[in-house]
Amino acid sequence: MTMVLKRGEDVADQVHRPVPLLNVDQLCIDIGARNASVRIVDKVSFTLGKGERVALVGESGSGKSVTAQALMRLNPRVRLSGRVDFDGADLLQLSAGQMAALRGSRIGMVFQDPMSSLDPLMTIGDQVAETLRIRGIGRQEARRRALEVLDELKVERAVERLESYPHEFSGGMRQRVVLAMALVGEPDLLIADEPTTALDVRVQERVLDLLDEISRRRGLAVLLITHDMGIVAGFADRVMVMYSGRIVEENEAAQLFREPQHPYTRGLLEAVPRADRTVDRLPSINGAPPLPSSRPKGCHFHPRCDRATGVCSAETPGETFTPLGGRVRCHLYGAG
Ligand code: SF4
């Protein structure tokens, strides 16, 4: 059974949420000259509550990283429209100065490659303390708080390490330093874009466990951007699956893992290695996501979908609110 939304009804409003911190409404991201622009992200809407951990998952090219950058207004080459309300302010309307003040204070961000965020010529202590120094906090106090957050992230011999340089750290430790830089300003929201992709599996687990512990202790909301469904299960409260610039499914993490609705979500989950299943070769979804400039008509997933029918290549599926508590964008679920 599916419940079809009435026109103008917002599906996100019908899913239970904690107190909203971030409310993204009909976010569109376009690139290129206005008369020949290409839409990379198309009318993406979602909310993130205070202290909630939400994963935005999809293959490379799905639009998830560009969405994360748009929330922080980090990419000057794109045009943004829609609304991005953060604690009552529309981030798309703030001045560059107001946006810069928010970054590193109320909103922290971590990227995949820690080396791109670290200055090889600055000590770790100075880099972690920098956000606080910019906010006018004295050197001693900023160093004390940098030390505190490095301790919180279980960086061994943190006092000594304040004087070290990035090249003296392992990949896992560098990522903890980058996390420390994002967390030292005590943000309400952390956007983590593939924060563990460059790390080996054991280090990856340790970094995610730490992030899990800190987000629970601090009541920190986390938007985790990843292509890896495998790391989402133990971390996220809720999962949004993105394909070709649109969110195609969203639900509580446990429910989405138990009963994925969208054929793309199912494909992603089948590709995750499982301890209770031995296979010679993991299944994978045929083909690759389309480029934003050459997306197929109708459902963008139809050339790769084993459940596609005639309507799929002709009509864009709308969003349907399901009795499982989530939303899905697929003709199998009734909304046209
Ligand atoms: Fe597959 Fe059609 Fe659903 Fe798209 S709308 S996911 S092609 S069944």
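Up top is the structure.
Reading the values: the criteria
Residues numbered from 1 in each chain as written. Predicted model: local features only at pLDDT ≥ 70, side-chain atom pairs only at ≥ 80, totals over all residues. Heavy atoms only, no water. Helix = DSSP H or I, 4+ residues; strand = E, 2+ residues; numbered from the N terminus. Rg over C-alpha atoms; globule rule 2.2 N^0.38 Å. Buried < 20%, exposed > 50% of the residue type's maximum accessible area, 1.4 Å probe, protein only. Pairing = 2+ DSSP bridges. Salt bridge = Lys/Arg side-chain N within 4 Å of Asp/Glu carboxyl O. Polar contact = N/O pair within 3.5 Å; in protein donor to acceptor, adjacent residues only side chain to side chain. Contact = heavy atoms within 4.5 Å. Near = heavy atom within 4 Å. 1 Å grid on protein atoms, 1.4 Å probe; cavity = no way out; pocket = protein on both sides within 12 Å on 5 of 7 lines; lining within 4 Å. Sits in = over half its atoms within 2 Å of the grid points. Nonpolar A, V, L, I, M, F, W, Y, C, P; charged D, E, K, R; others polar. Expected span 1.5 Å × (residues − 1). Points joined across faces, edges and corners; volume = space filled by probe spheres on them. Axes fitted to C-alpha atoms, helices over the stretch in contact; angles between N-to-C directions. Phe/Tyr/Trp six-rings, centres within 6.5 Å; stacked < 30°, edge-to-face > 60°. Lys NZ or Arg CZ within 6 Å of the ring centre and 35° of its normal.

Trainee: For the overall build of the protein, give the residues involved together with the corresponding values.
Mentor: Of regular secondary structure, the protein possesses 12 helices and 13 strands. Its C-alpha atoms give the protein a radius of gyration of 21 Å, near enough to 20 Å, the size a compact globule of 336 residues would have. C-alpha extents for the protein along the principal axes are approximately 65 × 50 × 35 Å. Looking at the protein residue by residue over its 336 residues, the buried ones come to 52%.

Trainee: Explain the pairing of strand E4 (residues 53-57) to me, and be specific about the residues and the numbers.
Mentor: Across the five residues of E4, five count as buried, placing the element largely inside the fold. Residues of E4 alternate between two faces, with Arg53, Ala55 and Val57 on one and Val54 and Leu56 on the opposite face, all of them buried. In this structure, E4 lies alongside strand E9 (residues 221-226), joined through five bridges in parallel fashion. Its bridge partner lying in E9, Leu56 is registered against Ile225.

Trainee: Can you tell me about the pattern of salt bridges, naming the residues and giving the values?
Mentor: Considering all chains together, one arrives at 28 salt bridges under this definition. Note that Arg246 and Asp42 form a salt bridge whose closest N and O atoms lie 3.4 Å from each other. Here the residue Arg246 occupies a position in strand E11 (residues 246-252), and Asp42 occupies one in strand E3 (residues 38-49), the gap between them amounting to 204 residues. Neither residue differs from the other here; Arg246 and Asp42 are each classed as buried. In this structure, Glu319 engages Arg329 in a salt bridge whose closest nitrogen and oxygen atoms are separated by 4.0 Å. Taken together, the positions of Glu319 in strand E12 (residues 319-321) and Arg329 in strand E13 (residues 327-329) put the pair 10 residues apart, joining distant regions of the chain. In this structure, a network of salt bridges that share partners links the residues Glu52, Arg238, Glu250, Glu319, Arg327 and Arg329.

Trainee: Can you tell me about the side chain of Arg53, naming the residues and giving the values?
Mentor: Residue placement: Arg53 occurs in strand E4. A polar side-chain atom of Arg53 sits 2.8 Å from a polar atom in the side chain of Asp212. Sequence-distant contacts of Arg53, defined by excluding residues within four places in its chain, comprise Asp212, Ser215, Arg216, Val222, Phe235, Ala236, Asp237 and Arg238.

Trainee: Help me get a handle on the site of the ligand, residues and values and all.
Mentor: Around the ligand sit His262, Pro263, Cys299, Phe301, His302, Cys305, Arg307, Ala308, Cys312, Cys330, His331 and Leu332, and those are all the residues in its vicinity. Here the ligand is seated within the largest cavity. Looking at the shell around the ligand residue by residue, the classes come out as eight nonpolar, three polar and one charged.

Trainee: Please give an account of helix H8 (residues 201-218) that cites residues and values.
Mentor: Relative to the 26 Å expected for 18 residues at 1.5 Å per residue, H8 spans 26 Å between its end C-alpha atoms, a close match to the ideal helical length. If you check which residues of H8 are buried, you get Val203, Gln204, Val207, Leu208, Leu210, Leu211, Asp212, Ile214 and Ser215. If you follow the buried residues of H8, they end up packed against E4, helix H5 (139-152), helix H7 (171-183), strand E8 (189-193), E9 and helix H9 (229-232). Structurally, the start of H8 carries an N-cap: the backbone nitrogen of Arg202 is 3.1 Å from a side-chain oxygen of Asp200.

Trainee: Describe the layout of surface pockets, with residues and values.
Mentor: Unfilled space is identified by rolling a water-sized probe across the atoms. Its boundaries defined by the atoms lining it, the second largest pocket holds a volume of some 470 Å³. In this structure, the second largest pocket is lined by 20 residues; those nearest its centre are Arg103, Gly104, Met109, Thr131 and Met181.

Trainee: Tell me what's going on with unusual backbone geometry, and back it up with residues and numbers.
Mentor: A positive phi is found at Lys43, a non-glycine position, where the angle reads about 50°. Mapped onto the elements, Lys43 comes out in strand E3. Residues other than glycine seldom take positive phi values, yet Ser244 does so here, at roughly 50°. You can see Ser244 is positioned in the loop between strand E10 (238-243) and E11.

Trainee: Could you give an account of the sheet that holds E3, with specific residues and numbers?
Mentor: In spatial order, the strands read E3-E2-E5-E6; together these four strands make up an open sheet with antiparallel pairing. Lying at the two open borders of the sheet, with one neighbouring strand each, are E3 and strand E6 (89-90). Relative to E6, strand E5 (residues 78-86) is paired through two bridges, and the arrangement is antiparallel. Considered in E6, the bridge of Asp85 is made with Asp90. Sheet strands touched by helix H1 (residues 64-72): strand E2 (20-31), E3 and E5. Its angle to E2, the strand with the most contacts, is close to 115°.

Trainee: Tell me about the packing of aromatic side chains, and please be specific about residues and values.
Mentor: All chains considered together, the criterion is met by three aromatic pairs. The interplanar angle of 65° and the centroid separation of 5.2 Å between the aromatic rings of Tyr264 and Phe301 together place this pair among those described as edge-to-face. In this pair, Tyr264 sits in helix H11 (residues 263-270) while Phe301 sits in the loop between H11 and helix H12 (310-314), placing the two residues 37 residues apart along the sequence. Given a relative accessible area of 3%, Phe301 falls into the buried group. Through a chain of ring-to-ring contacts, the aromatic side chains of Tyr243, Tyr264 and Phe301 assemble into a single cluster. In this arrangement the basic side chain of Arg161 is found over the ring face of Phe169, its NZ or CZ atom lying 4.4 Å from the centre.

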